[in-house]
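For reference, the chains in residue letters:
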Amino acid sequence: MARLRPIIMSWLAGLLALALGVVTASAEWPAAPIHIFVPFTPGASTDVVVRTIAPKLSDLLGASVVIENRGSAGGLIATQTVAAAKPDGYTLLVVTTSFAAQPAIMNELPYDTVKDFAPIALLADLPGVLVINPALPVKTFAELLDYAKTHALTYGSAGVGTFPHLGIELLKSRAKIPLAQVPYRGATQALTDVIAGHVDLKLDAYVSAHGHISDGALRALAVSSLTRLPELPDVPTIAESGFPGFEVTYWIGVVAPASVPEEVRARLAQAFKESLTPENRALLAKNGVRSLGSGHEALQSLVARELDQWRQLAKETDLTVK
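Residues numbered from 1 in each chain as written. Predicted model: local features only at pLDDT ≥ 70, side-chain atom pairs only at ≥ 80, totals over all residues. Heavy atoms only, no water.

1. As for the overall build of the protein
Assigned secondary structure in the protein consists of eleven helices and eleven strands. A separation threshold of at least 6 residues defines the contact pool for the protein, and within that pool the share at least 24 residues apart is 78%. (Helix = DSSP H or I, 4+ residues; strand = E, 2+ residues; numbered from the N terminus. Contact = heavy atoms within 4.5 Å.)

2. Digging into the pattern of salt bridges
On inspection of all chains with the given rule, the structure shows seven salt bridges. With a shortest N-O distance of 2.6 Å, R290 and D125 are connected by a salt bridge. Of the two residues, R290 sits in strand β11 (residues 290–294) while D125 sits in strand β4 (residues 117–126), which places them 165 residues apart along the sequence. (Salt bridge = Lys/Arg side-chain N within 4 Å of Asp/Glu carboxyl O.)

3. Description of the confidence of the model for the protein
Taken over all residues, the pLDDT of the protein has a mean of 88, while the share at 70 or more is 90%. When the criterion is pLDDT under 50, residues 12–25 qualifies, and its contacts beyond four places in sequence or with other chains add up to zero contacts. (pLDDT = per-residue confidence, 0-100.)

4. Let's talk about unusual backbone geometry
Note that the residue after W29, namely P30, is joined by a cis bond; omega there is 0°. Mapping P30 onto the fold places it in the loop between α1 (4–28) and β1 (34–38). Although it is not a glycine, K176 sits at a positive phi angle of roughly 60°. Phi at S259 takes a positive value of approximately 75°, unusual for a residue other than glycine. If you trace the backbone, S259 turns up in the loop between β10 (250–257) and α9 (262–275).

5. Describing the sheet that holds β10
Across the sheet, which stays open at both edges, the six strands sit in the order β2-β1-β3-β10-β4-β11 with mixed pairing between neighbours. The outermost strands of the open sheet, each flanked by one partner alone, are β2 (65–69) and β11. Strand-to-strand twist across the sheet, computed as the mean angle between neighbouring axes with direction ignored, equals 25°. In this structure, β4 lies alongside β11, joined through three bridges in antiparallel fashion. Along β11, the bridge assignment pairs D125 with R290. (Pairing = 2+ DSSP bridges. Axes fitted to C-alpha atoms, helices over the stretch in contact; angles between N-to-C directions.)

6. Let's talk about the side chain of T46
Here T46 lies in helix α2 (residues 45–61). Note on T46: relative accessible area 0%, which makes it buried. The contact partners of T46, leaving out residues within four places of it in the chain, are V38, F40, V94, T96, Y250 and I252. (Buried < 20%, exposed > 50% of the residue type's maximum accessible area, 1.4 Å probe, protein only.)

7. Here's the deal with the nonpolar core
The biggest cluster of nonpolar side chains holds 93 residues, and the ones touching the most others in it are I36, F141, L144, L201, W251 and F272. Here L144 is in contact with L130, I132, L136, V138, L153, L201 and L221, once residues within four sequence places are set aside. In this structure, V131, V199, A209 and L218 belong to the second largest nonpolar core, which totals 16 residues. (Core = buried A, V, L, I, M, F, W, Y, C linked by side-chain atoms within 4.5 Å.)

8. Quick word on the pairing of strand β9 (residues 219–223)
Counting buried positions over the five residues of β9 gives four, a clear majority of the element. Bridging between strand β5 (residues 128–132) and β9 involves four bridges; their strand directions are antiparallel. Paired with V131 across the bridge in β9 is A220.

9. Looking at helix α4 (residues 97–105)
Since there are 3.6 residues in each turn of an α-helix, residues three or four apart along the chain are aligned in direction. Burial analysis of α4 places eight of its nine residues in the buried class, which makes it a mostly covered element. Among all positions of α4, only T97, S98, F99, A100, A101, Q102, A104 and I105 are buried. Elements that come into contact with the buried residues of α4 comprise α3 (76–83), β3 (91–95), β4, α6 (163–175), β10 and α11 (296–317).

10. Considerations on the pairing of β3
Among the five residues that make up β3, five are buried, leaving the element largely enclosed by the rest of the structure. Of the two faces of β3, both are covered, the one formed by T91, L93 and V95 as well as the one formed by L92 and V94. As judged from the three bridges shared by β1 and β3, these two strands associate in the parallel manner. Note on β3: the bridge partner recorded for I36 is L92. Of the strand pairs in this sheet, β3 and β10 are connected by three bridges, and their pairing is antiparallel. Residue pairing in the sheet places V94 in a bridge with V254 of β10.

Listed below in structure tokens is the structure:
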């Protein structure tokens, strides 16, 4: 035992030094720029929300906040990048509805949605609006459904498993209409092609579509929330247009690589909450964004609930990607 004592003491000292190192590192954090990966192209609704709060977030943390747009493969590339990053709080990922949906519809993913990420905060949710090119000879949602039964229509999306894809596929299933998906690298280009007439329609977040609706470049036919938007009082919900209970939400949250220090996660969660100042909330509200500012428990619960929801949708609509 006497011979083992020096070995044991050395081992304990090493553990103590490691623990102290972690505490010290957490106490000094952040000491470098924080990179937030947005899995969509610049100008998309998610990008708008994050860039709105980024200046205040930087002030609160006392560090530069760098927005990294990686808009391709439905967000898979950005998600995989963050999953493989060092869990030190300097690399974060903005997640949306697709984060919870992709595991349900894809047989293989290069990461585990639950095990490889630590939830940080639930920032906001956005109402969805179904928009068409004004040249399409329909004026109402009911007319669109009738027209789609006799004409080959296309819809734009930001890729498989994204909000526009899931919402339209659910509508196709409920309304029994054929619509062909045209996937893009990002939501912005998909919306641009609807305006240009290359694609017929799209389910988009109101935050990124409202300007085009206002200037007449797009026609809004329905919204995907359960209640009408105050900004579009004359545009009905899909639920009230013959599909009771229809609701597809577009939410925005933030996660970090798994095993991020708890002290760092707590500081990040508080900073994101405080970055939604009254001024930022008002600014986002003008664009149809409902600010939440909830903690990691709310995001974790939401992801778990929607994983089950989208798995059921995949079974009902055969959305699984082979």
